[in-house]
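Each chain is listed here by its residues.
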Amino acid sequence: MEELIQQLIKQGYLKTPEIIDAFYKVKRRDFLPAHLMGEESINAPLPLGHGQTISQPLTVAFMLELLEPKQNNKILDVGSGSGWQTALLAELVGEQGKIFAVERIPALKKFGEENIKKYHFANIQFLEGDGSKGLPQFAPFDRIVVAAASNDIPQALVDQLKVGGRLVIPVGKNRQDLVLIKKINKQEVIETRYPGFAFVPLITES
Ligand code: SAH
(Lines give C-alpha, C1' and ligand atoms only; values in the text may rest on other atoms or scores of the structure.)
Protein backbone atom coordinates (compact mmCIF):
# COMPACT_ATOMS: atom_id res chain seq x y z
CA MET A 1 0.00 0.00 0.00
CA GLU A 2 2.94 2.35 0.70
CA GLU A 3 3.94 1.98 -2.94
CA LEU A 4 0.45 2.80 -4.12
CA ILE A 5 0.36 5.90 -1.90
CA GLN A 6 3.74 7.02 -3.33
CA GLN A 7 2.37 6.48 -6.81
CA LEU A 8 -0.78 8.53 -6.08
CA ILE A 9 1.48 11.33 -4.80
CA LYS A 10 3.71 11.17 -7.90
CA GLN A 11 0.70 11.21 -10.21
CA GLY A 12 -0.64 14.29 -8.41
CA TYR A 13 -3.79 12.67 -6.98
CA LEU A 14 -2.62 13.00 -3.37
CA LYS A 15 -1.32 16.50 -2.57
CA THR A 16 -2.34 17.72 0.88
CA PRO A 17 0.05 16.60 3.64
CA GLU A 18 -2.79 15.90 6.10
CA ILE A 19 -4.59 13.70 3.55
CA ILE A 20 -1.36 11.82 2.78
CA ASP A 21 -0.82 11.25 6.54
CA ALA A 22 -4.37 9.93 6.86
CA PHE A 23 -3.77 7.50 3.98
CA TYR A 24 -0.75 6.12 5.85
CA LYS A 25 -2.55 5.89 9.20
CA VAL A 26 -5.89 4.41 8.12
CA LYS A 27 -5.10 1.15 6.38
CA ARG A 28 -7.35 0.01 3.54
CA ARG A 29 -6.69 -3.63 4.47
CA ASP A 30 -8.57 -3.11 7.74
CA PHE A 31 -11.73 -2.45 5.72
CA LEU A 32 -11.71 -5.42 3.34
CA PRO A 33 -13.75 -8.60 3.75
CA ALA A 34 -11.56 -11.47 5.02
CA HIS A 35 -11.30 -13.21 1.63
CA LEU A 36 -9.73 -10.12 0.06
CA MET A 37 -6.93 -9.72 2.61
CA GLY A 38 -3.69 -9.05 0.80
CA GLU A 39 -5.39 -7.24 -2.08
CA GLU A 40 -5.58 -3.81 -0.45
CA SER A 41 -2.98 -2.23 -2.71
CA ILE A 42 -4.84 -3.01 -5.93
CA ASN A 43 -5.83 0.37 -7.34
CA ALA A 44 -9.34 -0.73 -8.23
CA PRO A 45 -12.71 -0.98 -6.50
CA LEU A 46 -13.07 -4.33 -4.67
CA PRO A 47 -16.32 -6.21 -3.91
CA LEU A 48 -17.88 -5.74 -0.46
CA GLY A 49 -20.82 -8.08 -1.12
CA HIS A 50 -24.43 -6.88 -1.55
CA GLY A 51 -23.44 -5.62 -5.03
CA GLN A 52 -21.32 -2.84 -3.49
CA THR A 53 -17.61 -2.00 -3.65
CA ILE A 54 -14.92 -0.41 -1.54
CA SER A 55 -13.88 2.57 -3.66
CA GLN A 56 -10.71 2.72 -5.72
CA PRO A 57 -7.83 4.42 -3.82
CA LEU A 58 -7.31 6.88 -6.69
CA THR A 59 -10.97 7.91 -6.51
CA VAL A 60 -10.96 8.29 -2.72
CA ALA A 61 -7.78 10.40 -2.97
CA PHE A 62 -9.34 12.59 -5.68
CA MET A 63 -12.60 13.04 -3.72
CA LEU A 64 -10.84 13.95 -0.48
CA GLU A 65 -8.61 16.48 -2.26
CA LEU A 66 -11.73 18.13 -3.74
CA LEU A 67 -13.59 18.01 -0.42
CA GLU A 68 -10.76 19.65 1.57
CA PRO A 69 -11.80 18.29 5.00
CA LYS A 70 -10.45 20.43 7.84
CA GLN A 71 -9.89 19.97 11.58
CA ASN A 72 -13.15 20.38 13.55
CA ASN A 73 -15.39 20.01 10.46
CA LYS A 74 -18.81 18.41 10.75
CA ILE A 75 -19.12 16.08 7.74
CA LEU A 76 -21.96 14.06 6.23
CA ASP A 77 -20.63 10.86 4.57
CA VAL A 78 -23.30 9.23 2.38
CA GLY A 79 -22.70 5.55 1.50
CA SER A 80 -20.19 4.58 4.18
CA GLY A 81 -19.83 0.97 2.89
CA SER A 82 -16.62 -0.55 4.25
CA GLY A 83 -16.00 2.50 6.44
CA TRP A 84 -12.57 3.17 4.89
CA GLN A 85 -13.36 6.67 3.67
CA THR A 86 -15.33 7.34 6.86
CA ALA A 87 -12.21 6.53 8.90
CA LEU A 88 -10.05 8.78 6.69
CA LEU A 89 -12.53 11.61 7.29
CA ALA A 90 -12.58 10.95 11.06
CA GLU A 91 -8.78 11.18 11.10
CA LEU A 92 -8.83 14.43 9.09
CA VAL A 93 -11.39 16.31 11.23
CA GLY A 94 -9.74 15.36 14.53
CA GLU A 95 -11.31 14.74 17.92
CA GLN A 96 -13.31 17.96 17.87
CA GLY A 97 -14.78 17.18 14.46
CA LYS A 98 -17.73 14.89 13.74
CA ILE A 99 -18.62 12.44 10.97
CA PHE A 100 -22.18 11.34 10.30
CA ALA A 101 -21.93 8.19 8.20
CA VAL A 102 -25.11 7.01 6.46
CA GLU A 103 -25.47 3.62 4.77
CA ARG A 104 -28.68 2.15 3.35
CA ILE A 105 -27.73 -1.56 3.51
CA PRO A 106 -27.96 -2.63 7.19
CA ALA A 107 -25.31 -5.40 6.87
CA LEU A 108 -22.83 -2.94 5.34
CA LYS A 109 -23.53 -0.30 7.95
CA LYS A 110 -22.60 -2.94 10.51
CA PHE A 111 -19.53 -4.06 8.53
CA GLY A 112 -18.21 -0.47 8.36
CA GLU A 113 -18.93 0.09 12.04
CA GLU A 114 -17.09 -3.13 13.01
CA ASN A 115 -14.08 -2.30 10.82
CA ILE A 116 -13.73 1.13 12.37
CA LYS A 117 -13.60 -0.30 15.90
CA LYS A 118 -9.96 -1.17 15.12
CA TYR A 119 -9.20 2.56 15.32
CA HIS A 120 -11.02 3.85 18.44
CA PHE A 121 -12.46 6.96 16.80
CA ALA A 122 -14.95 8.68 19.10
CA ASN A 123 -16.11 11.20 16.50
CA ILE A 124 -18.24 9.04 14.18
CA GLN A 125 -21.96 8.37 14.28
CA PHE A 126 -23.28 5.62 11.96
CA LEU A 127 -26.86 5.78 10.73
CA GLU A 128 -28.90 3.43 8.57
CA GLY A 129 -31.06 4.89 5.80
CA ASP A 130 -31.30 6.86 2.57
CA GLY A 131 -28.62 9.50 2.79
CA SER A 132 -29.71 11.31 -0.37
CA LYS A 133 -32.08 13.40 1.75
CA GLY A 134 -29.30 14.34 4.12
CA LEU A 135 -29.76 14.50 7.87
CA PRO A 136 -31.78 17.65 8.59
CA GLN A 137 -31.57 16.99 12.35
CA PHE A 138 -27.77 17.35 12.27
CA ALA A 139 -27.45 20.01 9.52
CA PRO A 140 -25.80 22.27 8.53
CA PHE A 141 -22.57 20.53 7.50
CA ASP A 142 -19.15 21.93 6.59
CA ARG A 143 -18.66 19.17 4.07
CA ILE A 144 -20.84 16.52 2.40
CA VAL A 145 -19.45 13.61 0.40
CA VAL A 146 -21.46 11.02 -1.51
CA ALA A 147 -19.88 7.71 -2.57
CA ALA A 148 -22.63 6.54 -4.95
CA ALA A 149 -23.77 7.96 -8.30
CA SER A 150 -26.78 10.25 -8.38
CA ASN A 151 -28.84 11.28 -11.45
CA ASP A 152 -28.83 14.85 -10.26
CA ILE A 153 -27.59 16.97 -7.39
CA PRO A 154 -29.99 16.44 -4.48
CA GLN A 155 -31.27 19.86 -3.41
CA ALA A 156 -31.62 18.62 0.19
CA LEU A 157 -27.84 18.17 0.35
CA VAL A 158 -27.15 21.66 -1.04
CA ASP A 159 -29.63 23.08 1.48
CA GLN A 160 -27.86 21.30 4.36
CA LEU A 161 -24.45 22.71 3.44
CA LYS A 162 -23.06 25.68 5.36
CA VAL A 163 -22.14 28.83 3.44
CA GLY A 164 -18.47 28.27 2.56
CA GLY A 165 -19.07 24.51 2.60
CA ARG A 166 -18.23 21.91 -0.05
CA LEU A 167 -20.20 19.00 -1.48
CA VAL A 168 -18.56 16.28 -3.61
CA ILE A 169 -20.89 13.90 -5.47
CA PRO A 170 -20.69 11.67 -8.56
CA VAL A 171 -23.43 12.60 -11.05
CA GLY A 172 -24.48 10.61 -14.12
CA LYS A 173 -25.73 7.20 -15.25
CA ASN A 174 -23.08 4.83 -16.69
CA ARG A 175 -19.99 6.99 -16.33
CA GLN A 176 -20.05 9.86 -13.89
CA ASP A 177 -18.60 13.30 -13.40
CA LEU A 178 -17.38 14.03 -9.93
CA VAL A 179 -19.09 17.31 -9.12
CA LEU A 180 -17.70 19.79 -6.61
CA ILE A 181 -20.27 22.26 -5.29
CA LYS A 182 -18.98 25.25 -3.35
CA LYS A 183 -21.69 27.17 -1.52
CA ILE A 184 -20.72 30.84 -1.75
CA ASN A 185 -23.83 32.30 -0.14
CA LYS A 186 -27.34 31.13 0.80
CA GLN A 187 -28.58 31.23 -2.80
CA GLU A 188 -25.49 30.63 -4.92
CA VAL A 189 -23.15 27.76 -5.59
CA ILE A 190 -20.16 27.30 -7.89
CA GLU A 191 -20.12 23.95 -9.65
CA THR A 192 -17.03 22.27 -11.12
CA ARG A 193 -17.13 18.92 -12.96
CA TYR A 194 -14.40 16.31 -13.28
CA PRO A 195 -15.33 13.60 -15.80
CA GLY A 196 -14.38 9.95 -16.03
CA PHE A 197 -15.52 8.10 -12.88
CA ALA A 198 -17.60 4.99 -12.23
CA PHE A 199 -19.56 4.50 -9.01
CA VAL A 200 -22.33 2.17 -7.85
CA PRO A 201 -25.75 3.90 -8.04
CA LEU A 202 -27.22 6.01 -5.26
CA ILE A 203 -30.51 4.27 -4.43
CA THR A 204 -33.12 6.75 -3.33
CA GLU A 205 -36.47 6.20 -1.69
CA SER A 206 -39.20 8.23 -3.30
N1 SAH B 1 -16.81 4.81 0.73
C2 SAH B 1 -17.31 3.47 0.62
C3 SAH B 1 -18.07 3.35 -0.67
C4 SAH B 1 -18.96 2.17 -0.74
S5 SAH B 1 -19.87 2.06 -2.28
C6 SAH B 1 -16.14 2.50 0.65
O7 SAH B 1 -15.09 2.86 0.14
O8 SAH B 1 -16.29 1.40 1.16
C9 SAH B 1 -21.22 3.14 -1.99
C10 SAH B 1 -22.15 2.80 -0.86
O11 SAH B 1 -23.29 3.67 -0.95
C12 SAH B 1 -22.71 1.38 -0.89
O13 SAH B 1 -22.37 0.75 0.33
C14 SAH B 1 -24.23 1.57 -1.00
O15 SAH B 1 -24.98 0.63 -0.28
C16 SAH B 1 -24.41 2.98 -0.44
N17 SAH B 1 -25.63 3.70 -0.86
C18 SAH B 1 -26.23 3.70 -2.08
N19 SAH B 1 -27.29 4.52 -2.06
C20 SAH B 1 -27.38 5.05 -0.80
C21 SAH B 1 -28.26 5.96 -0.15
N22 SAH B 1 -29.30 6.51 -0.79
N23 SAH B 1 -28.03 6.27 1.15
C24 SAH B 1 -26.99 5.72 1.82
N25 SAH B 1 -26.11 4.86 1.26
C26 SAH B 1 -26.30 4.52 -0.03
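In this text, all values refer to a predicted model and were calculated from it rather than measured experimentally. In this convention, every chain numbers its residues from 1, walking through the sequence in written order. Only residues with pLDDT of at least 70 get local features here, since the model is predicted, and only at 80 or more are side-chain atom pairs given and counted; chain-wide, interface and lining totals rely on the full set of residues. As a rule here, side-chain values cover all heavy atoms of the structure and leave hydrogens and water aside.

Observations regarding the packing of aromatic side chains
Using the following cut-off: Classification of ring pairs rests on two measures: the distance between centres of Phe, Tyr or Trp rings, Trp counted by its six-membered ring, which must be within 6.5 Å, and the angle between planes, read as stacked under 30 degrees, edge-to-face over 60 and tilted in between. Only runs of H or I of at least four residues qualify as helices and only runs of E of at least two qualify as strands under DSSP, and these elements are numbered from the N terminus. Any Lys NZ or Arg CZ found within 6 Å of a ring centre and within 35 degrees of that ring's normal is scored as a charge over the ring.
A complete count under the given rule lists eight aromatic pairs for this structure. With a centroid separation of 5.8 Å and 20° between ring planes, the pair formed by F31 and Y119 is classed as stacked. Of this pair, F31 sits in the loop between α2 (17-25) and β1 (46-49) while Y119 sits in the loop between α5 (106-116) and β5 (124-128); the two residues are 88 residues apart in sequence, bridging distant segments of the chain. An aromatic cluster is built from Y13, F62, Y194 and F197, whose rings are joined through pairwise contacts. Sitting over the face of the ring of W84, R28 holds its NZ or CZ atom 5.4 Å from the ring centroid.

A few points about the pattern of salt bridges
This is how it is decided: When a carboxyl oxygen of Asp or Glu is within 4 Å of a side-chain nitrogen of Lys or Arg, the pair counts as a salt bridge. Between buried and exposed lies partly exposed: a residue is buried under 20% and exposed over 50% of the maximum accessible area for its type, with that area taken using a 1.4 Å probe on protein chains only.
Taken as a whole and judged by the stated rule, the model has eight salt bridges. Between R193 and D177 there is a salt bridge, with the nearest N and O atoms lying 3.1 Å from each other. Here R193, found in strand β9 (residues 189-197), pairs with D177, found in strand β8 (residues 176-183); they are 16 residues apart in sequence, far enough to count as distant. With a shortest N-O distance of 3.0 Å, E191 and R193 are connected by a salt bridge. The partly exposed category is assigned to E191, whose relative accessible area is 41%. One salt-bridge network, held together by shared partners, links D177, E191 and R193.

Re the site of the ligand
Cut-off, in case you're wondering: Think of it this way: one heavy atom of a residue within 4 Å of a molecule or strand is enough to make that residue near it. Definition of a polar contact: a pair of N or O atoms within 3.5 Å, with one able to donate and the other able to accept a hydrogen when the atoms are protein atoms, and with sequence-neighbouring residues admitted only if both atoms are side-chain atoms. All accessibility values rest on the Shrake-Rupley procedure with a 1.4 Å probe; residue burial counts only the protein chains present in the view. Only Asp, Glu, Lys and Arg are considered charged in this grouping, and only Ala, Val, Leu, Ile, Met, Phe, Trp, Tyr, Cys and Pro are considered nonpolar; every other residue, Gly among them, is considered polar.
Taken together, 25 residues form the shell around the ligand, and within it S82, E103, D130, G131 and I203 come nearest. Take D130: an N or O atom from its side chain is 2.8 Å from a nitrogen atom of the ligand. Considering the ligand on its own, with 580 Å² of exposed area, one finds that the protein chains cover 99% of that surface. Of all the secondary structure elements, the ones that give two or more residues to the shell around the ligand are β2 (52-54) and β4 (98-103). Considering every element that reaches the shell around the ligand, the biggest residue donor is β2, with three residues. Partitioned by chemical class, the residues of the shell around the ligand number 12 nonpolar, 10 polar and three charged.

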